[in-house]
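The lines below spell out each chain.
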Amino acid sequence: MSFLISVRELKEKIESGQEVIIVDTRFQLNDPQAGRKAFEKSHLPNAVFFDLENDLSGDIGEHGGNHPLPEPDVLAEKLGQAGIDRDTEVVVYDQQNDMFAARFWWLLHFLGHDRVFILDGGYDAWVRAGYAVTNEKPIINTKSFWPEIRSNEVVDIEMIKSNIKTSSAALIDSRSYDRYLGKVEPLYQKAGHIPGAKSYFWMDVLNKDGGWKSKKELQQHFSKLDKDVDIIVSCGSGVSACPNILALKMAGYQNVKLYPGSFSDWISYDENQVETKDEN
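Each chain carries its own residue numbering, running from 1 in the direction its sequence is written. Note on the predicted model: pLDDT of at least 70 is required for a residue's local features to be given, and 80 or more for side-chain atom pairs to be given and counted; whole-chain, interface and lining totals, by contrast, use all residues. Side-chain figures throughout are based on the complete set of non-hydrogen atoms in the structure, without hydrogens or water.

## Side note on the nonpolar core
Grouped burial of nonpolar side chains is what soluble globular proteins tend to show.
At step 1: Of all hydrophobic cores here, the largest spans 55 residues; its most connected members are Ile-84, Phe-104 and Phe-222.
At step 2: No other element matches helix H4 (residues 99–110), which puts ten residues into this core.
At step 3: Any two residues whose heavy atoms approach within 4.5 Å at even a single point are treated as in contact. Here Phe-104 is in contact with Val-23, Thr-25, Phe-50, Leu-56, Leu-79, Ile-84, Val-90, Val-92 and Val-116, once residues within four sequence places are set aside.
At step 4: Only buried Ala, Val, Leu, Ile, Met, Phe, Trp, Tyr and Cys residues count toward a nonpolar core, and they belong to the same one when joined by side-chain atoms within 4.5 Å. Each residue is placed in one exposure class: buried if its accessible area under a 1.4 Å probe, protein chains only, is under 20% of its type's maximum, exposed if it is over 50%, and partly exposed if it falls in between. Membership of the second largest hydrophobic core comes to 16 residues, among which are Ile-5, Phe-39, Leu-119 and Tyr-131. What counts as a helix is a DSSP run of H or I of at least four residues, what counts as a strand is a run of E of at least two, and both are numbered from the N terminus.

See below:
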């Protein structure tokens, strides 16, 4: 199964008059306003904008991580205002093949939506193909989005703690290898990883040219993971885990779950230990 669409395929859908809502999720963690500014300057025709922190995350608390999941009803209301219900075909894009489009894809999947596709190569691929961009705001026909939560797609910290004792599921960490080892940590007060987590850097699901790897390549990439056990995917705050989830599903893995709070939630509890050795 592929969750990708090429720029040519999207262009053909638009030209044929098919109903498709296009979502722009460009964002920069070190400059939270950069994505919206880029959108206002130019975007794909009729695209709407969803912001990682204002739309695709909830309020930050003492626990729960740096990008908690948004309240389903709040996100559903925003989706409806953007012209999206659960029958609407949606194409979401980032600057290139980045983590934010995958976060949007995962959230809609979590809310019960099955017709969401990531634009392979994102905004940059669209522009390279010579297709038009605009700064005009789209005319939106609002709809009602009724979520049907897939609660079995997430795990909480208690399940992580239990798994450390039982090893009944495979836990993977999607951050860079140096962050996994605790050699660098640009965002949090502790460095390392959750005990038992194995390193699968999310950018390794992409080829050297930045394109998504094929199903066969992804199957090889994840070949050490057992398809018959649950695979819990984490990262820093539940964002870069999403490309790994997408890639695992493309490779044929069914029992894939997100730990939304990830490492930032784990270290918000002083008693939780971190590891700095390679557990692969």
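After that view, the rundown keeps rolling.
## Quick notes on the pairing of strand E5 (residues 116–119)
At step 1: In short, DSSP must find at least two bridges between two strands for them to pair. Taken together, the two bridges between strand E1 (residues 4–5) and E5 define a ladder with parallel strand orientation. Bridge pairing in E5 places Leu-4 opposite Ile-118.
At step 2: Where strand E4 (residues 90–93) meets E5, three bridges bridge the pair, whose relative direction is parallel. By the bridge assignment, Val-92 is partnered in E5 with Ile-118.
At step 3: Look down the strands so they point away from you; if going from the first strand over the helix to the second traces a clockwise path, that crossover is right-handed. With H4 bridging E4 and its parallel neighbour E5, the resulting β-α-β unit is right-handed.

## Structural notes on the sheet that holds strand E6 (residues 170–173)
At step 1: The four strands are arranged E7-E6-E8-E9 in an open sheet whose pairing can be described as parallel. Each of the sheet's edge strands pairs with one partner strand only, and the pair in question is strand E7 (198–199) and strand E9 (256–258).
At step 2: Pairing of E6 with E7 involves two bridges; the strand directions are parallel. Following the sheet pairing, Ile-172 is matched in E7 by Lys-198.

By themselves these figures say nothing about function.
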